[in-house]
Amino acid sequence: MNVSIVGSGYVGTTVAACLADLGHEVTAIDIDEGIVAAINDGESPIHEPGLDELVAEHGGDRLRATTDYAAVRETELTMLALPTPSNEDGSIDLQYMEAGASSVGEALAAGGDREEPHLVVTKSTVVPTTTEERLAARIADAGLERGTDFLVASNPEFQREGSAVTDFLNPDKLVFGADDERAFAMLRVLYAPLREAADGEVPTVETGIAEAEMIKYANNAFLASKVSLINDIGNVCKEFGVDAYEVADAIGLDDRIGERFLRSGVGWGGSCFPKDTDAIISAARERGYDPAVLSAAVELNDAQPERLLSLLDDHVDVGGKRVAVLGLAFKPGTDDIRNTRAVPVIEGLQERGAGVVAYDPVATENMRERYPDIEYAGSAAEALEDASGAVVVTDWDEFAALDAEFDEMADPIVVDGRRIIERRDGITYEGLTW
Ligand SMILES: NC(=O)c1ccc[n+]([C@@H]2O[C@H](COP(=O)([O-])OP(=O)(O)OC[C@H]3O[C@@H](n4cnc5c(N)ncnc54)[C@H](O)[C@@H]3O)[C@@H](O)[C@H]2O)c1
Ligand SMILES: O=c1ccn([C@@H]2O[C@H](COP(=O)(O)OP(=O)(O)O[C@H]3O[C@H](CO)[C@@H](O)[C@H](O)[C@H]3O)[C@@H](O)[C@H]2O)c(=O)[nH]1
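Residues numbered from 1 in each chain as written. Chains lettered and ligands numbered in written order. Predicted model: local features only at pLDDT ≥ 70, side-chain atom pairs only at ≥ 80, totals over all residues. Heavy atoms only, no water.

Short version of the rule: UniProt positions are given in the numbering used here, feature names are shortened, and annotations may be inferred rather than shown by experiment.
Within an unreviewed UniProt entry, the label attached to the protein chain reads UDP-glucose 6-dehydrogenase, and the organism entered is Haloarcula nitratireducens. Regarding the protein chain, the UniProt comment filed under Catalytic activity (unreviewed entry) reads as follows: "UDP-alpha-D-glucose + 2 NAD(+) + H2O = UDP-alpha-D-glucuronate + 2 NADH + 3 H(+)". One UniProt comment on the protein chain, placed under Sequence similarities (unreviewed entry), says "Belongs to the UDP-glucose/GDP-mannose dehydrogenase family."

This is the structure:
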């Protein structure tokens, strides 16, 4: 198929490169000229395992990039992979989606009549009814008729950062939301090569558009709440001196609970869980319903970084002292710092008057833009040297190998928010939930 993907960030670039790899002709459309040039030169604009190779292989060939929306006219299907950030009150900010939908509509309208309607697919995470009520309306504003000139559908994405390529190519499920058999048929053709190439059977859910939009929020809300629940249980465990990881391993053997997403600690961050839980809570409240469990999950998550710091307070008054922060990315395998727990941890240390020295294997430069004034170390060893305490925020594998490096600390107190450091002689070790 000939496909265009509007927005070439974390999701758009992964989807575009993978679809090209599966044999489709793909055009990535982005307003950022640097991103467009990089893709055409065969370079991935983002750090994501496996993506460099795919963009290198297909960039400038089956995968092309442009800033010109006219490219959608050469394609049968356009996916919108644009940002859906939060407004200050937590509600979803649809300005990028609406701008993108308008541009697609105008580009299609400028091409005159079409034999078949163009399918516009919402890949971004949007609250239920957005695609039909807000995006289809923007496309129609260009003088196009839904059903004749264009169709809309929702196809939410469940990939994780750090494993986006393998997640996209081997999804647990595909979700197609549409109200027109022609839209379902096109989505089936689009994903046919993926289903053939995937490691196992890929269940496909065909449903309504608003249902598909809601499935994405329910998925993230469930996972975020699962982590908050294990953090709540973990906090209780800590009060009793019980190891929450032994408890989690045991309850995870119950199929109804499942072993994944039971790692307790300093909480969830990233570009999705925080904004998506906020957006669906806000959208529900607007309609008069207050989702109590989900609100509590967010509240508990917001409190975990302070709980981590209070464990450090139990051992040392960090005012005027050097404290190492190990890990800045919101999770290992990515340089993404959006909503990382490192931010409240750093701010809490600064409020206590500590001198922060931070280290991350790949996310340092992103964090430096946000906090240019704190010290950044070139290695974990350098960060630990002369520090009067260390807090672990991201579970990078390399932290598991740290050992003699702790001997160089002024005061070897380690508070681990991710259970990645081994307890050892010579350090005062506190696990957040164990
Ligand atoms: N990041 C993830 O792992 C992930 C996973 C699943 C779903 N999602 C959802 O996917 C959507 C995109 O997220 P992302 O992380 O890829 O965002 P991103 O910020 O990384 O990328 C968005 C891209 O859109 C471009 N853009 C902005 N306005 C534009 C316009 N008018 N026309 C063309 N391009 C424009 C930006 O330059 C940027 O390159 C969000 O709704 C997000 O919730 C993200
Ligand atoms: O047991 C766990 C699992 C995760 N986390 C934290 O939860 C956050 C999110 O992790 P993860 O879900 O692995 O990463 P994301 O890339 O944010 O992916 C989530 O958000 C994406 C965007 O919507 C969805 O597509 C994915 O399905 C969903 O997992 C990170 O801060 C993790 O440290 C924990 O604290 N404990």
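1. Let's talk about a negative patch on the surface
As a reminder, the rule being used: Surface patches are drawn from residues lacking salt bridges whose relative accessible area is over 30%; two like charges belong together within 9 Å, two nonpolar side chains (Val, Leu, Ile, Met, Phe, Trp, Tyr) within 5 Å. Surface accessibility in these figures is a Shrake-Rupley result with a 1.4 Å probe; residues are shielded only by whichever protein chains are displayed. For this analysis, a salt bridge means a side-chain nitrogen from Lys or Arg found within 4 Å of a carboxyl oxygen belonging to Asp or Glu. Positive residues here are Lys and Arg, negative ones are Asp and Glu, while His and the chain termini are left out of the count. All charge positions are set by atom: Lys at NZ, Arg at CZ, Asp at CG, Glu at CD. Here a strand is any run of E in DSSP of at least two residues, a helix any run of H or I of at least four, and the numbering for each starts at the N terminus.
Where like charges cluster on the molecular surface, the negative patch consists of D41, E43, D52 and E53. Its location among the elements puts D41 in the loop between α2 (33-40) and α3 (51-58).

2. With respect to the site of ligand 1
Our working rule: Here, proximity means that at least one heavy atom of the residue falls within 4 Å of the molecule or strand. Polar contact is the term for a pair of N or O atoms within 3.5 Å; when the atoms are in protein, one must be able to donate a hydrogen and the other to accept it, and sequence-neighboring residues count only if both atoms are side-chain atoms. When residue character is reported, Ala, Val, Leu, Ile, Met, Phe, Trp, Tyr, Cys and Pro are called nonpolar, Asp, Glu, Lys and Arg charged, and the others, Gly included, polar.
Within the structure, ligand 1 sits among 26 residues, and V11, D30, Y69, T84 and K275 are positioned closest to it. At a separation of 3.0 Å, a nitrogen atom of ligand 1 approaches a polar side-chain atom of E161. Protein coverage of the free-state accessible area of ligand 1, which is 840 Å², stands at 89%. Of the residues that constitute the shell around ligand 1, the class distribution is 12 nonpolar, 8 polar and 6 charged.

3. Examining the packing of aromatic side chains
Which entries qualify depends on this criterion: By convention, a stacked pair of Phe, Tyr or Trp rings (six-membered ring in the case of Trp) has centres within 6.5 Å and planes under 30 degrees apart, an edge-to-face pair has planes over 60 apart, and any other such pair is tilted.
Counted under the stated rule, the structure contains 6 aromatic pairs. Taken together, a centroid distance of 6.2 Å and an interplanar angle of 45° make the contact between F168 and Y191 tilted. Here Y191 lies in helix α7 (residues 181-197) and F168 lies in helix α6 (residues 164-169), a separation of 23 residues in the sequence. Grouping aromatic residues by their ring pairs yields a cluster made of F168, F176 and Y191.

4. As for the site of ligand 2
Close to ligand 2 lie 20 residues, the nearest being F158, Q159, E161, K216 and C272. L262 places a polar main-chain atom, nitrogen or oxygen, 3.4 Å from an oxygen atom of ligand 2. Coverage of ligand 2 by the protein chains reaches 92% of its 700 Å² of free accessible surface. Put simply, the parts of the chain that give the shell around ligand 2 at least two residues each are α8 (209-240) and α10 (273-286). Of all the elements, α8 adds the most residues to the shell around ligand 2, at 3 residues.

5. Focus: the UniProt feature "binding site: substrate" (unreviewed entry) in the protein chain
The condition is simple: Points on a 1 Å grid over protein atoms alone make up a cavity when a 1.4 Å probe fits among them but cannot get out, and a pocket when they form an open set with protein on both sides within 12 Å along at least five of seven lines; lining residues each have an atom within 4 Å of a point. Buried, partly exposed and exposed residues are distinguished by accessible area as a fraction of the type maximum, computed with a 1.4 Å probe on protein chains only: under 20%, between the cut-offs, and over 50%, respectively. Any two residues having at least one pair of non-hydrogen atoms within 4.5 Å are treated as being in contact.
Residues annotated by UniProt as "binding site: substrate" (unreviewed entry) correspond here to F158, Q159, R160, E161, K216, F261, L262, R263, S264, G265, G269 and K331. The annotated residues occupy 174 residues of the chain and do not converge on a single region, their most distant C-alpha atoms lying 24.4 Å apart. Cross-referencing the annotated residues with the second largest pocket identifies L262 as lining it. Within the element layout of this structure, E161 appears in the loop between β6 (150-154) and α6. Accessibility expressed as a relative area gives 10% for E161, which makes it buried. Excluding residues that lie within four positions of it along the chain, E161 makes contacts with Y10, E48, S271, F330, K331, T334, D336 and R338. Topologically, G265 is positioned in the loop between α9 (244-251) and α10. With near-sequence residues (within four places) excluded, G265 lies in contact with N231, Q304, G417, L432 and T433.

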